[in-house]
Amino acid sequence: MEFAIRVFARLNITDNIYLLITDTTRSTWIVMAILLVFAIIVRIKSRNWDASKKPSGLQNVLEMAVDAFEKLYKGNAGEKMAFLMPWFFSLFAFLILSNLIGIVGIRPPTADWGMTLPLAVSSFVLFQFAGLKNRPKAYLKSIFLEPVFLFAPINIMGEIAKPIALSFRLFGNVLGGMILLSLLYGMAPLALQFVFPAFLHMYFDLAAGALQAFIFIMLSITFVGLAAEE
Amino acid sequence: MNPQLFFLATTTDIFETGRSLFSLDAQTFIDAGMNMFNFILVAAFLTWLLYKPVKKVLAARAERIENDLASAAANNLSAQELKAEYEQKVSEIEKERVSILDDARKQANEKRHQILDEAKADAQDIKARASKDIAMETAQMKSAVVNAIVDISTDMAARLISTSIDKSAHDKLFTEAMEELEATTAFKADAVAI
Amino acid sequence: MHDPMGFAVAIAHIAAAIALLNGILTTLGQGKVASAAVEGIARQPEAKGSITTTMIIGCAFAETSGVYGLVIAIIILFANPLLSFIG
């Protein structure tokens, strides 16, 4: 089981209570470190940025990314929830890097339900918050009294199913790709292990990883938009 | 770990074999909490260090473009006004030009007519004077011819009286007189032709 | 039944295969989504961007049950909680 979530450290708090640090956490730290270094570089470089000059290089790429993301966000979640944009932007950056990091042989953090569940739950909290903030009465009514009172449990189940489906979608896709590649590396003959996995990596890590990150963000944003507006 | 507490649980020692891929045990939820904390940290840092500067530059650029657009619109408006003003001026100048041209034409026409009239009057004058001169000369000529005829007749009569009358002399005298007369009438005819 | 563990593992593999069978219908549904999207783009090429986004979301929703099956198969194979009752 090369793809199991290994525990690599154990923090003893008392004799009986301890904290296990898993691969997922380590991968998360690596992703965090990469993002943090990148962000610090951007922050340092951003001192020289001038709005009146033509952007170039890193600035251009970042501006394009932020602009495109903003357009996507405002198109799906509306203007009212614009203050959540940084959160989803960070989530997008984190998820893409997490899904793509499998290429270099590090276990993707998102191939663990313990990672995708909190992210999905945070999205759940955010879209419930969006609904309750923008139209409290109508939103509560849409959950508890629509179409009639008897459907309330079904509606509640539907709301709870959203983060579960979100987390399982990301987790299942990334884990499936990872298991397939692990099986290939563990079981395929040596001759097949040189060029052939590159294509599988291209699909399972690059294409599917970016796509799943996009879908996760897109669905979260859409849920926020649906909750916030009529 | 108590299997009754979590509804799916592994009894294997988690530290020996690694955490199970999927289980609803305490470790999963502790991991989830840790990951959530990590991600909130990431989100805060990314927002502060990456998103805000980019957003600031974008906002500054948007503002600058807005200002440029506004000033361009203002410039455009003033240019339009100037253009309308100049067009009006040009049309006024055109009108003035046409009126000046018309005036000039009218004046020239009047002048032409006046000059023509004067010329006609002059010509009339000259003609009248000339015809008057001619008439006067004709009259003079007539009186001269009459005088000549009278002179010749007198002369002839004097000769007839003074000289002896013979047939041949008489004829000769008559012929001379006739020639003289013819010469004067030819002269008169010339004068009339003139 | 002299080897309950082996029996359970064999059954678990069969069960995982059955769990993955819903991939057939999932893929069919995704194919339908994609074909409808292609038709939409052919009819309105200028709406390509929004149609593609909607298609990806529709595919994601159609994929949900397939991913559930995959996760169940993975759990049955690699994280089976019931094996502990035998061994």
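Residues numbered from 1 in each chain as written. Chains lettered and ligands numbered in written order. Predicted model: local features only at pLDDT ≥ 70, side-chain atom pairs only at ≥ 80, totals over all residues.

The next subject is the pairing of strand 2 (residues 18-22) of chain A. All names here are of chain A. The sheet contact formed by strand 1 (residues 7-12) and strand 2 spans 5 bridges and is antiparallel. Paired with Val-7 across the two strands is Thr-22, which belongs to strand 2. Hairpin connection from strand 1 to strand 2: 5 residues lie between these consecutive antiparallel strands. (Pairing = 2+ DSSP bridges. Helix = DSSP H or I, 4+ residues; strand = E, 2+ residues; numbered from the N terminus.)

Our next topic: the interface of chain C and chain A. Interface size, as often reported, equals the accessible area lost upon joining of the parts. In this complex, chain C contributes 12 residues to the contact, which on the side of chain A involves 14 residues. Residues belonging to the side of chain C that touches chain A are distributed by class as follows: 9 nonpolar, 2 polar and 1 charged. (Contact = placed C-beta atoms within 7 Å. Nonpolar A, V, L, I, M, F, W, Y, C, P; charged D, E, K, R; others polar.)

We now examine the packing of helix 2 (residues 58-77) of chain A against helix 7 (residues 196-228) of chain A. Residues and elements named next belong to chain A. Where helix 2 contacts helix 7, the axes come no closer than 7 Å and their chain directions differ by 40°. Touching Tyr-73, Asn-76 and Ala-77 of helix 2 are Ile-221, Thr-222, Val-224, Gly-225 and Ala-228, all from helix 7. A class-by-class count of the residues in the contact of helix 2 with helix 7 yields 5 nonpolar, 3 polar and no charged. (Axes fitted to C-alpha atoms, helices over the stretch in contact; angles between N-to-C directions.)

Taken residue by residue, the interface counts 33 residues in chain B and 40 residues in chain A. Elements that contribute at least two residues to the side of chain B that touches chain A include exactly helix 1 (14-17) and helix 2 (26-162) of chain B. The element contributing the most residues to the side of chain B that touches chain A is helix 2 of chain B, with 27 residues. Partitioned by chemical class, the residues of the side of chain B that touches chain A number 22 nonpolar, 6 polar and 5 charged.

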